[in-house]
Amino acid sequence: MFQNDNLATFQIQLLTKIIDIEKFPFTKLVIEKNVSPEEYDGLFHLLEVLNQEFMEQKEEGLLDYSSLLVKFAGLLTEKLAPAETIYGLKKEGYFPKLMEEFTQLMEKDIL
C-alpha cells in the first residue's frame, strides 16, 4: 500500500506522462525542485509586489528596471534559478510585461 507522499509522487509521475509538460516549464520546475506551498505562495506574493512596483515605475517614466530583477533574484527561494524561473513564468503567461522586461535585462547580462 502507498503512503500518502509516495501515492502523490506516483500520481504526479503518471500525470506528467499524459500531458505535455514542456508547455508548463514553470510548473515542471516547481515540481522537480520540490518547492513547498509556502515557497510557491511567497514567490507569487513577491511577483505581485514587483509587478506593482514595475507598473508604478513605468508610469513615472523610469526606463531601467534592473533593480527589480536584482530584487527578484535576491528574494527567490534558493531552490529555483532566477533565469530558468523567469523563462518558465514567461512561457506560462504569468506577469507578461514584467517577465518580458526581465528577459530583456537578462539578455543584456544584467543577471
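Scroll up for the structure.
First, a word on scope: everything that follows refers to the structure included in this document.

What counts and how
The numbers attached to residues start from 1 for each chain and follow its sequence in the written order. Predicted model: local features are reported for residues with pLDDT of at least 70 only, side-chain atom pairs are reported and counted for 80 or more only, and whole-chain, interface and lining totals are derived from all residues. Remark: hydrogens and water are excluded; side-chain values derive from all non-hydrogen atoms of the structure. By convention, a stacked pair of Phe, Tyr or Trp rings (six-membered ring in the case of Trp) has centres within 6.5 Å and planes under 30 degrees apart, an edge-to-face pair has planes over 60 apart, and any other such pair is tilted. The secondary structure listing takes helices from DSSP runs of H or I that are at least 4 residues long and strands from runs of E that are at least 2 residues long, numbered from the N terminus. Note on exposure labels: buried denotes an accessible area under 20% of the residue type's maximum, exposed denotes more than 50%, and partly exposed covers the range between, all computed with a 1.4 Å probe on protein chains only. By the convention used here, residues are in contact when the closest approach between their heavy atoms is within 4.5 Å. Surface patches are defined over residues having more than 30% relative accessible area and no salt bridge, joining like charges when they lie within 9 Å and nonpolar side chains (Val, Leu, Ile, Met, Phe, Trp, Tyr) when within 5 Å. The Shrake-Rupley method, run with a 1.4 Å probe sphere, supplies the accessible areas, and residue values consider only the shown protein chains as cover. Any carboxyl oxygen of Asp or Glu within 4 Å of a side-chain nitrogen of Lys or Arg constitutes a salt bridge here. Neither His nor the chain ends is counted toward charge; the positive residues are Lys and Arg and the negative residues Asp and Glu. Two N or O atoms form a polar contact when they lie within 3.5 Å of each other; inside protein one atom must be a possible hydrogen donor and the other a possible acceptor, and for residues adjacent in sequence the pair counts only when both atoms belong to side chains.

### Details of the packing of aromatic side chains
Describing an aromatic ring pair means giving the distance of the ring centres and the angle of the ring planes. Taken as a whole, this structure holds 8 aromatic pairs when the rule is applied. A ring pair is formed by Tyr40 and Phe44, whose centres lie 5.0 Å apart and whose planes are at 50 degrees; its orientation type is tilted. Within this pair, Tyr40 and its partner Phe44 are both found in helix α3 (residues 37-59), separated by 4 residues, close to a single helical turn. Overall, the relative accessible area of 30% leaves Tyr40 in the partly exposed class. Judged by its relative accessible area of 13%, Phe44 is buried. Seen in terms of ring centroids, Phe54 and Tyr65 are 4.8 Å apart; in terms of plane orientation they differ by 70 degrees. Their pairing is edge-to-face. Highlighted residues: Phe54 in helix α3 and Tyr65 in the loop between α3 and α4 (66-75), separated in sequence by 11 residues. The same class applies to Phe54 as to Tyr65, namely buried.

### Quick word on the environment of Leu98
Along the chain, Leu98 falls in helix α6 (residues 96-107). In sequence terms Leu98 and Phe72 are 26 residues apart; their C-alpha atoms lie 11 Å from each other. Aside from chain neighbours lying at most four places away, what touches Leu98 is Leu47, Leu50, Asn51 and Phe54.

### So, a nonpolar patch on the surface
Side chains of Leu15, Ile18, Ile19 and Phe24 sit close together on the surface and give an oily, nonpolar patch of about 400 Å² of accessible area. Relative to the helices and strands, Phe24 is located in the loop between α1 (4-18) and α2 (25-32).

### Concerning the side chain of Glu92
Relative to the elements of secondary structure, Glu92 occurs in helix α5 (residues 82-92). Despite its burial, Glu92 pairs with no opposite charge, the nearest such side chain being Lys91 at 8.9 Å. A polar contact of 2.8 Å, which involves the side chain of Glu92, links it to the backbone nitrogen of Phe26. If near-sequence neighbours (up to four positions away) are discounted, Glu92 is found in contact with Lys23, Phe24, Pro25, Phe26 and Thr27.

### Let's talk about the pattern of salt bridges
With the rule as written, the count across this model stands at 4 salt bridges. Of the charged contacts in the structure, one is a salt bridge between Glu32 and Lys28, with a shortest N-O distance of 3.9 Å. Here the residue Glu32 and the residue Lys28 both occupy positions in helix α2, the gap between them amounting to 4 residues, near one helical turn. Lys28 gets classed as partly exposed once you look at its relative accessible area, which sits at 24%. When the shortest N-O distance is used, the salt bridge between Lys79 and Glu39 registers 2.9 Å.

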